[in-house]
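An overview of the molecular structure
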Amino acid sequence: MDVTARGSGLGSGAASVCPADGSAGLRRFALVCAVLVVLWWAAAVMAVANGPFRIPPAHVVSVLAARAGIDLGVHEERERLVVERLRLPRVVLATLVGAGLAAAGATMQALFRNPLADPGLLGVSSGAATGAVVAIASGLGAASLWWVCGSAFGGALGAAGLVYLLGSPGGVPVPSSLLLAGVAVSAFLGSATAVVIALVPPDEALRGILFWLAGGFSGASWEYARVVVVPIGAGLVVMGLAGRELNLLAVSEEVAATSGVRVGRTRALLLGSATLATAASVSVSGTIGFVGLVVPHLLRLVMGPDYRYLLPASMLAGAAVLVGADTVARTVVRPAELQVGMVTALVGAPVFAAILLRQRSRLTIQV
């Protein structure tokens, strides 16, 4: 089944990718980014301020200013400790994971020329989840967080390689085949994860696995942030600098090749970068869906399909969305706490359905 799109709304690749017109596109990009930065900052301040111990937003700003060497003198020592040791690491981690998932989703939609492509549908998230669950169940995760991260990346890379192999008849990748292969691999890895869970004794490890699979940042710490900042940051840099190549690949491999792009090498590098960012994200947050699928679609409605602008904006939007979702998860059912994956699914699924309904006249489904 091949799902493509006409126009610049929902489609990412089969649609004709025409970069936004010069200065107008750049002005729109600057405006959207400015709005997204403000939204992220507002979400971050609210995330740090809200919790069992509420801190006035002005005091939050005072603590953050103090870290930059500016003494506003309106916060207490207890507030500083809560902000710096408990809530700020959570915001930083949600920012990194949100940016990584959104950028990976946008990149995969261009590479596979399919608006339904994202790390979840193409098996990368499932592979990372399986690897991380195996590490936790075997006890390696208790020894070091690096085992979880490494296992998640190995699982994600293996899943991506298997999808690529199954979806490339005759050695030539076919976007529709890649999507179907991703669905099959995701289903298989989901079953493998269920088997691992069934074999784990009903102790703390099992509860940790089940809680982790729902996705969230309840265990966030500066150690978690240090583990993922380099792999996610490296993936974001590579993807963010490849806007021109993604624009060409999103049209066709022939167009990209005739324009000087080394198709095989570039596709492998970008797929590896998206896999790296996804694996690192899943290793510290669990599986969080719909961020990589919905965020790029919403931005295309505003900015168009030019990946030179879409990718950086997706990073900012993904960060703001996940920081906001984490705040909702922590506060909506106090004193209990929802998992972030639940919030993104409850909100993301209806939003994506609304986008599909709005853009259905532009979709072409070929079997």
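Computed from a predicted structure; not experimentally measured.

A short note on the confidence of the model for the protein
- Per-residue confidence for the protein gives a mean pLDDT of 84; residues scoring 70 or more make up 90%.
- Across the protein, the secondary-structure element scoring lowest on mean pLDDT is strand E2 (residues 363-366), at 45, and the one scoring highest is helix H14 (residues 307-331), at 95.
- Segment residues 1-18: pLDDT under 50, and 66 contacts once partners within four positions in sequence are set aside and those in other chains are kept.

Considering the packing of aromatic side chains
- Scanning the entire structure with this criterion turns up two aromatic pairs.
- Aromatic pair Phe29 and Tyr309: ring centres 5.0 Å apart, planes at 25°, arrangement stacked. Here the residue Phe29 occupies a position in helix H1 (residues 22-49), and Tyr309 occupies one in helix H14, the gap between them amounting to 280 residues.
- Looking at Phe29, the relative accessible area reads 18%, which means it is buried.
- Given a relative accessible area of 12%, Tyr309 falls into the buried group.
- Relative to Trp41, the ring of Trp40 lies with its centre 6.4 Å away and its plane at 50°, an arrangement referred to as tilted.
- Take Trp40: its relative accessible area is 27%, and that puts it in the partly exposed class.
- A relative accessible area of 41% means that Trp41 is categorised as partly exposed.

Remarks on the environment of Val323
- Locating Val323 in the fold gives a position in helix H14.
- For Val323, a relative accessible area of 1% corresponds to the buried category.
- With 230 residues separating them along the chain, Val323 and Leu93 place their C-alpha atoms 8.8 Å apart.
- With near-sequence residues (within four places) excluded, Val323 lies in contact with Trp40, Ala43, Ala44, Ala47, Val91, Ala94 and Thr95.

Observations regarding helix H2 (residues 57-67)
- Residues His59, Val60, Ser62, Val63, Leu64 and Ala65 constitute the buried set of H2.
- Where H2 ends, the next residue or the one after it, Gly69, has phi of about 90°, a positive value.

What to know about the pattern of salt bridges
- Within this structure, the stated rule accounts for eight salt bridges.
- In this structure, Arg90 engages Asp326 in a salt bridge whose closest nitrogen and oxygen atoms are separated by 2.8 Å. Note that Arg90 is positioned in helix H3 (residues 77-111) and Asp326 in helix H14, a separation of 236 residues in sequence.

Details of the environment of Val183
- Following the sequence through the fold, Val183 ends up in helix H7 (residues 175-199).
- For Val183, a relative accessible area of 44% translates into the label partly exposed.

Quick notes on the packing of H3 against H14
- Contact pair H3 / H14: the axes reach a minimum separation of 7 Å and the direction vectors enclose 135°. For the element pair H3 / H14, the angle class is oblique. Handedness of the H3/H14 crossing: right-handed.
- Considering only residue class, the contact of H3 with H14 consists of 14 nonpolar, six polar and three charged.

Rules of the game
- Residues numbered from 1 in each chain as written.
- Predicted model: local features only at pLDDT ≥ 70, side-chain atom pairs only at ≥ 80, totals over all residues.
- Heavy atoms only, no water.
- pLDDT = per-residue confidence, 0-100.
- Helix = DSSP H or I, 4+ residues; strand = E, 2+ residues; numbered from the N terminus.
- Contact = heavy atoms within 4.5 Å.
- Phe/Tyr/Trp six-rings, centres within 6.5 Å; stacked < 30°, edge-to-face > 60°.
- Buried < 20%, exposed > 50% of the residue type's maximum accessible area, 1.4 Å probe, protein only.
- Salt bridge = Lys/Arg side-chain N within 4 Å of Asp/Glu carboxyl O.
- Axes fitted to C-alpha atoms, helices over the stretch in contact; angles between N-to-C directions.
- Parallel < 35°, antiparallel > 145°, perpendicular 65-115°, else oblique.
- Left-handed = near helix turned anticlockwise from the far one by under 90°.
- Nonpolar A, V, L, I, M, F, W, Y, C, P; charged D, E, K, R; others polar.

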